[in-house]
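Report on the structure
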Amino acid sequence: MLTIKNLKKNYGKRAVIKDLNLEIKAGEIYGLLGANGAGKTTTINIICNLIEADSGTIEINNKKVSQGTKKYVGVAPQENLLYKNLSCQENLKFYGRIYGLDGKKCDRRIAETLAAVNLSDRAKTPVESLSGGMKRRINIAIALIHEPKLVILDEPTTGLDIETRYEIWQLIEDLKKQGTTILLTTHLLDEAQRLCDRIGIIKEGKIIAEGSLNELRKLIPAAEIVIIKTKETEQAISRGKELGFCHRYYGNDLAFWLPEKLELRETLELFANINLESISRKDVDLEHIYLELTKNGI
Ligand code: ATP
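Residues numbered from 1 in each chain as written. Predicted model: local features only at pLDDT ≥ 70, side-chain atom pairs only at ≥ 80, totals over all residues. Heavy atoms only, no water.

**Some details on the overall build of the protein chain**
Check the secondary structure of the protein chain and you find 10 helices and 14 strands. Across the 298 residues in the protein chain, those meeting the buried criterion constitute 47%. For the protein chain, contacts bridging at least 24 residues in sequence account for 69% of all contacts bridging at least 6. Accessible area for the protein chain stands at about 15000 Å²; split by element, carbon and sulfur atoms hold 47% of it. Taking the average location of the 44 positive side-chain charges in the protein chain and that of its 41 negative ones, the two points are 6 Å from each other. (Helix = DSSP H or I, 4+ residues; strand = E, 2+ residues; numbered from the N terminus. Buried < 20%, exposed > 50% of the residue type's maximum accessible area, 1.4 Å probe, protein only. Contact = heavy atoms within 4.5 Å. Areas by Shrake-Rupley, 256 points an atom, 1.4 Å probe, with all protein chains shown as cover. Lys, Arg positive; Asp, Glu negative; His and termini not counted. Charge placed at Lys NZ, Arg CZ, Asp CG, Glu CD.)

**A few points about helix α1 (residues 40-47)**
An α-helical turn contains 3.6 residues, so any two residues separated by three or four positions project in the same direction. The buried count for α1 comes to 6 of 8 residues, which makes it a mostly enclosed element. Residues Lys40, Thr42, Thr43, Ile44, Ile46 and Ile47 constitute the buried set of α1. Phi for Asn49, located one or two positions after α1, is positive at around 65 degrees.

**Some details on the nonpolar core**
The biggest cluster of nonpolar side chains holds 54 residues, and the ones touching the most others in it are Leu114, Ile138, Leu153, Ile172, Ile182, Ile199 and Leu286. Of the residues forming this core, the biggest block, 7 residues, is contributed by helix α4 (residues 132-144). Leaving out residues up to four positions away in the same chain, Leu114 has contacts with Cys88, Leu92, Leu119, Ser120, Ala123 and Ile138. Among the nonpolar cores identified, the runner-up in size contains 24 residues, and Met1, Leu7, Leu20 and Cys48 belong to it. (Core = buried A, V, L, I, M, F, W, Y, C linked by side-chain atoms within 4.5 Å.)

**What about the pairing of strand β11 (residues 224-230)?**
Counting buried positions along β11 gives 6 out of 7 residues, so the element sits mostly inside the fold. Relative to strand β13 (residues 253-258), β11 runs antiparallel, the two sharing 5 bridges. What sits directly across from Val226, in β13, is Phe256. Taken together, the 6 bridges between β11 and strand β14 (residues 276-282) define a ladder with antiparallel strand orientation. What sits directly across from Ile227, in β14, is Ser280. (Pairing = 2+ DSSP bridges.)

**Thoughts on the packing of helix α2 (residues 88-98) against α4**
Running from amino to carboxyl end, α2 crosses α4 at an angle of 30 degrees, the nearest separation of the two axes being 9 Å. Relative to α4, the element α2 lies roughly parallel. By crossing handedness, the relation of α2 to α4 is classed as right-handed. Touching Cys88, Asn91, Leu92 and Tyr95 of α2 are Ile138, Ala141 and Ile142, all from α4. Taken together, the residues of the contact of α2 with α4 sort by class into 6 nonpolar, 1 polar and no charged. (Axes fitted to C-alpha atoms, helices over the stretch in contact; angles between N-to-C directions. Parallel < 35°, antiparallel > 145°, perpendicular 65-115°, else oblique. Left-handed = near helix turned anticlockwise from the far one by under 90°. Nonpolar A, V, L, I, M, F, W, Y, C, P; charged D, E, K, R; others polar.)

And the structure:
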């Protein structure tokens, strides 16, 4: 569906995209994760033909990115692109016209996209009087107006409360069910873990790891993570070393990587000589993988 090969982009002398390669398959949700400034938005802008790459190729549906491929892509940018004095319907009509929709077809798509984002009852409401979550949903509806094959959602839930996040997640899952291919950027690792079929981690303009969560899990030699709270941290760390376990701090949590899953009783026995306040076990998740690969947080 989308193939990016050897993409490079400099701003002045600064290389911001350095030989980036990725492939998104039809119908999947692909998560592009990376720290601020890693190059996500620049990549999106090149896919949307808003800025030009210095070299490399991008193909959407086997066609090189050009003015002609714009119709295949719908983008909901980080900042909502809404005319606040216009109603939801009028905003959708404005963007529909940009994509050449008019008459009955445009009216039909407005009704369909409003239904898709669950805002049919707000068709005539001026955007300025919508809640933050509703504005974000209309921003996504605009990305869908011309029935694009690829929808790009740039941080769709940033700044939203948890209930509104659930609504947006549901909307994204519904889009996938309808066969839409989605490229999602997010700083929320639980969001990526929940929604994405595959994830690419971008660092300084390069994809440094890519795969499904299970494939990415193989990059860390741990079957589970044991988190220990104790005042005897030095003793705990040296006990972990004796056992051959790597240790890490996740925030203030002291954690050990266990090469195989153990019963709680067995884990407690391993640390029996340490005065423990608490011990808990976790599966390796995207947060651990991401921190390990980027080493500087998200
Ligand atoms: P964020 O998560 O903060 O949105 P990002 O991964 O989307 O970050 P980009 O916006 O693609 O990162 O920026 C990549 C780098 O390119 C940054 O260092 C940014 O300062 C730089 N950059 C982006 N646009 C321009 C521009 N028009 N001129 C010069 N430098 C730019």
